[in-house]
Amino acid sequence: MIELRGVTKAWPGGAGVQALDLGVAEGECCALIGPSGCGKTTTLRLVNRLVEPDAGSIRIAGQDALRQDPVQLRRGIGYVIQEGGLFPHRRVGANVATVPALLGWDARRIAARVEEVLALVGLDPAQYRDRWPHQLSGGERQRVGVARALAADPPVLLLDEPFGAVDPLRRAQLQQEVLALLKRLRKTVLLVTHDVQEAVLLGDSLALMRGGRLVQHATPAEMLARPADGFVADFLGADRALTRLGLFRISDAARDAADAPGAPLPEATTLRDALAAMLERGVTALPVAEGGSLTLEAVLRSR
Amino acid sequence: MIAWLRANPDAFLDALVQHLALSGAGLAIGVALALPAALLLARRPVLAEWVSAGAGVLRTLPSLAVLAALLPLLGVGFTPSVVALALLALPPVLLHALVGLRGAEPAAVEAARGMGFTPLQSLLRVEVPLALPQIFAGLRTAAVQVVSGAALATFIGGGGLGDLVTQGMALLDIAQLQVGAIAIALLSLGTEGGFGWLQRRWERA
Ligand SMILES: Nc1ncnc2c1ncn2[C@@H]1O[C@H](COP(=O)(O)OP(=O)(O)O)[C@@H](O)[C@H]1O
Ligand SMILES: [Mg+2]
């Protein structure tokens, strides 16, 4: 759905992006990670041509993006930036209506869509439509930002650290909701984040960049299990084995028929949480609510 | 003073109306030139730098010097006075507008571009609305300068409340001189206060 081939952009100061090959399949979310200044945002802005490449090709939905009118191209791509970028002089409803209005939808269709899309991101339209952006919390602002990006139902979304300005407690919930929403709508997503946990949670694939180059592009499980080099391993963190266990659930692991004592855990529990429960209880086997038990052996084997 | 006003109500009103006409015309022309110029310069940062520097110089020139410089070019009377006042109004409006446009919340401007606003749509629908407080502040400064600057129009035959002062001096009529001086001061204060009130009202809205 999104195809970058040999894309290069040099900034006068340095780095930028060099000979980048990156593909995101339809309906998938690719999480771009890497240290600050490695070119994540530049890559995102190359896709909607806020930055023009020096070389290379960019295809979106089979079309050559570099031959399209950039303004038209951008109206077909959802874009959410870290600070939300809401228009402070427009109410929430008008903010969400931005792209449909640019596309010339009639007023009734716009109003209906604004309601629909606010509800999608978990905001009651009646309560929020007429508020000003400054009357919202950080999390609500990000929700409105996502609603605005979804308003014209674009197949592709670009998210640049969309949860950066949300306090950590709310962030986890917002991440889960957005993940479920994007999966349900089958959007193709390029997500920039510097948070490995967020990338692992939301990304079908991880693309790790360093100094404008793509170092490794793989599924989270693959990258966490087999980092391409020491830099990747360091970036994923010393606890990457634990992070990886968070990708699997008890239902994915081998089950022991024998019963184990203690409070049972549901099958949907991640192996990471199951391991934590074993440590906490000082046991090597846990009962599973759906039947049987999970042993430490089984957790270790699913590495 | 009161006696002079009672004796010469028409002379006072004529001077006042003339003063307001001079100020209004000068301000209107200055704004009509400065705002479009600011919009044109908003996308040309280097040129904007140069123009800002020029406007800064124009701003520091004493009003009287500007009047005197224009005298050989435009002669005397109402029109040259309006031209001089427009020149006085131009720098504050232009400079404030440029600062406001440059400072428009970068995230909102980035989002506007990223969602497919054309550069003109972004300028008119996002950058200008976000720069309005600055633009209004420029208007307020310009209005006050023009209203007090119009008192000097009398030196090139432009009329206005300044006439009461110069005539009062020539005739050694202290009452007339005082009426002129106090009216000019009150008008300037009133302009400052009026625009400030408008600004506060509008910010609350
Ligand atoms: N518009 C620009 N002009 C010049 N240099 C830029 C511009 N945008 C980004 N850069 C530079 O490119 C590098 C990569 O930036 P960016 O893509 O924003 O990194 P990241 O999002 O990974 O933190 C940085 O060194 C940054 O200073
Ligand atoms: Mg960035």
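In what follows, the accompanying structure is described. (Residues numbered from 1 in each chain as written. Chains lettered and ligands numbered in written order. Predicted model: local features only at pLDDT ≥ 70, side-chain atom pairs only at ≥ 80, totals over all residues. Heavy atoms only, no water.)

**What about the nonpolar core?**
Alright, step 1. The biggest cluster of nonpolar side chains holds 88 residues, and the ones touching the most others in it are Leu4, Ile60, Val96, Leu158 and Leu190 of chain A.
Alright, step 2. Dropping the residues within four chain positions of it, leucine 158 of chain A is found in contact with Leu44, Val47, Asn48, Ile77, Gly78, Tyr79, Val80 and Leu190 of chain A.
Alright, step 3. With 30 residues, the next largest nonpolar core counts Leu27, Leu101, Ala143 and Ala153 of chain B among its residues. (Core = buried A, V, L, I, M, F, W, Y, C linked by side-chain atoms within 4.5 Å. Buried < 20%, exposed > 50% of the residue type's maximum accessible area, 1.4 Å probe, protein only. Contact = heavy atoms within 4.5 Å.)

**A few points about the interface of chain B and chain A**
Alright, step 1. Counting residues at the interface gives 17 residues for chain B and 19 residues for chain A.
Alright, step 2. Taking both partners together, chain B and chain A bury about 1,600 Å²; carbon and sulfur atoms supply 63% of that area.
Alright, step 3. Taken as a group, Glu110, Arg113 and Met115 of chain B account for 37% of the area that chain B buries against chain A, more than any other trio of residues on that side.
Alright, step 4. Put simply, chain B and chain A have one salt bridge between them.
Alright, step 5. With a closest N to O distance of 2.8 Å, arginine 45 of chain A and glutamate 110 of chain B form a salt bridge.
Alright, step 6. Secondary structure elements with two or more residues in the side of chain B that touches chain A: helix 6 (106-114) and helix 7 (119-149) of chain B.
Alright, step 7. No other element matches helix 6 of chain B, which puts seven residues into the side of chain B that touches chain A.
Alright, step 8. Classifying every residue of the side of chain B that touches chain A by side-chain character gives nine nonpolar, four polar and four charged. (Buried area = accessible area lost by both parts, 1.4 Å probe. Salt bridge = Lys/Arg side-chain N within 4 Å of Asp/Glu carboxyl O. Helix = DSSP H or I, 4+ residues; strand = E, 2+ residues; numbered from the N terminus. Nonpolar A, V, L, I, M, F, W, Y, C, P; charged D, E, K, R; others polar.)

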